[in-house]
Amino acid sequence: MAKQEQALRYDKDGAVGVVMAIAKVADAFTDVIFGNIVDHSRGGDKKYYRWIIALAVPAAAIVAMMFMLPAGAASGVQVAYALITNLLLTAVIYTMIATPFSAVMIVRTKSQSERGNMGVFRAVGSYGAGMLIAILTIPVTNMLGGTQSAWIKYGVVLGAAVLLLFLICWLNGHNAPFTRETENETGAPAEPEEDPVPFGPAMGMLFRNKYWVIVLLFNLITAITNAIAGATGTYYCKWIFGNDNLVGLIGAAGMLATVIGFVLSKPIIAKLGVTRTVSFGCLGAAIAAGIRCLAPANFTMYVVTSLIGSFVQIPLMCLYGVLVAMAVDYNEWKYDKKLVAMSGGAIGFGNKVGSGLGSLLLSAFLMIGSYNPELAVASTSMRWSIYGFSNFLPVVVNVLMFFVFRGFDLEQKLPKMREEVAERRAKQ
């Protein structure tokens, strides 16, 4: 992975950032397309796990290939290899696994509390795995000799771990009870498998569901901020504070804030509810970034506000699946069709397009600021460009998210809607 990062690192023209952004946007459309394919497949709710087990071996293989970048090849070949393997991993394998996996949260239970618990567990696993790989990759490959062979060995081990984890996931889910196969919360009889909807009409239904559109925008905007936030610390420490080594210190403190955020996510969501938790996270992050704008070069101010901003947004990470599930319930009430897997494409679509746009925005800020990595000290324009994407942009984006989400008033309406759906099912 680090080898690919070196091959794709930012250049002054920003060409790589533009190419990766385009690739991400093209990749994103596969989520809703494959979601429709999954919705058209048969086999009841167990079909979601069958998709997962079918792709376990291909997923393990492509993960190992990510670490097999041809060391002696020309830079163009290395870039092409990195782009192709990234697209295979994200646009094909990841999409074909994540789409049915996201649907499992929706069909396993109708309980908001249980869905929230599953969301917390999924967010912890996703974030924890990412952090573990980020921490271990360089030390482990260096311990193995730091050669191309070391990277290949590391990739093969990761691929084997992926295969093992998918097998465990499939075994645990294979015999699990599902809401559709038993009586649901209202006491209504088990639901029949719904007839699939063609892609065009299904997309029309989703875009007429304002709650799905809000979830789509929500995931899009948060992905943009997350993509930019991932690079903020490196630029800030190098050019504003003049010490690269501070990245590790701030990262360790950020990890502590993140762990606390995950620990407290469940009680926060239970206390505030879904809508107010989102408002708490958006406004909290905007206020923290706004305070940082007042003294952008103050190290203590930067660390404290960054930790607060990270902490208040952790619960939001746990609600992505819950929000989609609520939009699916609205589909069922409005259209008598859930469109489970296709609705879940909102998460993947928003995340992928958002991460691509985030990379593009970062490149734009750096180009506007005439970024020059060869300088010993940052120029004034470079400093203001870093302030722009690190401080000012988060204020604007989080305030925008707050107002976008004001239209998501589904939390109080769902119980009545579910009663109406149950009555409709009983009459049928």
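Residues numbered from 1 in each chain as written. Predicted model: local features only at pLDDT ≥ 70, side-chain atom pairs only at ≥ 80, totals over all residues. Heavy atoms only, no water.

A short note on the overall build of the chain
Helix and strand content of the chain: 15 helices and zero strands. Taken across its 428 residues, the chain has 48% of its residues classed as buried. Contacts in the chain between residues far apart in sequence, at least 24 positions, make up 81% of those at least 6 positions apart. Within the structure as shown, the chain displays about 19600 Å² of accessible surface, and the carbon and sulfur contribution to it stands at 69%. (Helix = DSSP H or I, 4+ residues; strand = E, 2+ residues; numbered from the N terminus. Buried < 20%, exposed > 50% of the residue type's maximum accessible area, 1.4 Å probe, protein only. Contact = heavy atoms within 4.5 Å. Areas by Shrake-Rupley, 256 points an atom, 1.4 Å probe, with all protein chains shown as cover.)

Some points on the pattern of salt bridges
Once the charged atoms of two side chains with opposite charge are near each other, the side chains can pair. The tally for this structure, following the rule as stated, stands at six salt bridges. In this structure, E332 engages R425 in a salt bridge whose closest nitrogen and oxygen atoms are separated by 2.8 Å. Here E332, found in helix α12 (residues 320-335), pairs with R425, found in helix α15 (residues 414-427); they are 93 residues apart in sequence, far enough to count as distant. Salt bridges sharing common partners tie together E332, D336, R424 and R425. (Salt bridge = Lys/Arg side-chain N within 4 Å of Asp/Glu carboxyl O.)

Side note on the layout of surface pockets
Considered as a void within the structure, the second largest pocket measures approximately 260 Å³ in volume. Taken together, 15 residues make up the lining of the second largest pocket; nearest its centre are Q112, S113, G116, I269 and V274. Elements supplying a minimum of two residues to the lining of the second largest pocket: α6 (112-143), α10 (246-294), α12 and α15. When the residues that make up the lining of the second largest pocket are grouped by side-chain class, the tally is eight nonpolar, four polar and three charged. (1 Å grid on protein atoms, 1.4 Å probe; cavity = no way out; pocket = protein on both sides within 12 Å on 5 of 7 lines; lining within 4 Å. Points joined across faces, edges and corners; volume = space filled by probe spheres on them. Nonpolar A, V, L, I, M, F, W, Y, C, P; charged D, E, K, R; others polar.)

Some remarks on the packing of aromatic side chains
The tally for this structure, following the rule as stated, stands at 22 aromatic pairs. For the ring pair Y236 and Y302, a centre distance of 4.2 Å and an interplane angle of 20 degrees mean the geometry is stacked. In this pair, Y236 is assigned in helix α9 (residues 210-240) and Y302 in helix α11 (residues 299-317), connecting sequence segments 66 residues apart. For the pair formed by Y236 and Y302, the shared burial category is buried. Here F405 and F408 contribute two aromatic rings whose centre-to-centre distance is 4.9 Å and whose plane-to-plane angle is 10 degrees, an arrangement assigned as stacked. With respect to burial, F405 and F408 carry one shared label: buried. A connected cluster of aromatic rings, assembled from ring pairs, spans Y211, F218, Y320, Y330, W333, F405 and F408. For K238, the ring lying beneath its charged end belongs to W239, and the centroid distance is 4.8 Å. (Phe/Tyr/Trp six-rings, centres within 6.5 Å; stacked < 30°, edge-to-face > 60°. Lys NZ or Arg CZ within 6 Å of the ring centre and 35° of its normal.)

Notes on the environment of L357
Locating L357 in the fold gives a position in helix α13 (residues 340-368). What makes L357 partly exposed here is its relative accessible area of 31%. In this structure the C-alpha to C-alpha distance between L357 and A227, which are 130 residues apart in sequence, comes to 8.5 Å.

Overview of the nonpolar core
Counting residues in each nonpolar core, the largest one holds 82 residues, and the members touching the most others are F218, Y235, L323, M326, F408 and L410. At 16 residues, α9 tops the list of elements feeding residues into this core. For L410, the residues in contact, after removing those within four places along its chain, are Y211, M326, A327, Y330 and M417. Listed in part, the six residues of the second largest apolar core include V63, F67, W151 and L158. (Core = buried A, V, L, I, M, F, W, Y, C linked by side-chain atoms within 4.5 Å.)

A word on unusual backbone geometry
Positive phi, normally seen in glycine, also occurs at L339, with a value near 55 degrees. Note that L339 resides in the loop between α12 and α13. Here the phi dihedral of S370 falls at roughly 55 degrees; this positive angle occurs in a residue that is not glycine. Structurally, S370 can be placed in the loop between α13 and α14 (380-405).

Examining α10
Here α10 contains 49 residues, and its C-alpha end-to-end distance of 21 Å is more than 12% below the 72 Å for a straight helix at 1.5 Å per residue. Approximately 110 degrees is the largest bend angle found in α10, and it occurs at G273. (Expected span 1.5 Å × (residues − 1). Bend = angle between axes of the 7 residues up to and from the residue.)

Focus: the confidence of the model for the chain
Scored by pLDDT, the chain has a mean of 81; 88% of the residues are at 70 or more. Predicted confidence in the chain is weakest over helix α1 (residues 2-7), with a mean pLDDT of 41, and strongest over α14, with 92. Contacts for the low-pLDDT stretch residues 181-188, under 50 throughout, to residues beyond four places or in other chains number 13 contacts. (pLDDT = per-residue confidence, 0-100.)

Focus on the environment of V396
In this fold, V396 is placed in helix α14. Distance in space between the C-alpha atoms of V396 and A286 is 7.4 Å, their sequence separation being 110 residues.

Side note on the environment of V353
Relative to the helices and strands, V353 is located in helix α13. A relative accessible area of 9% places V353 in the buried class. Each C-alpha atom, one on V353 and one on L220, is 6.6 Å from the other, the two residues being 133 residues apart in sequence.

Thoughts on the packing of α10 against α11
Packed helix pairs are specified by the crossing angle of their axes together with the interaxial distance, meaning the distance between the axes. For the pair α10 and α11, the least separation of the axes is 5 Å and the interaxial angle reads 40 degrees. Considered as vectors, α10 and α11 are oriented oblique to each other. Classifying every residue of the contact of α10 with α11 by side-chain character gives 28 nonpolar, eleven polar and one charged. (Axes fitted to C-alpha atoms, helices over the stretch in contact; angles between N-to-C directions. Parallel < 35°, antiparallel > 145°, perpendicular 65-115°, else oblique.)

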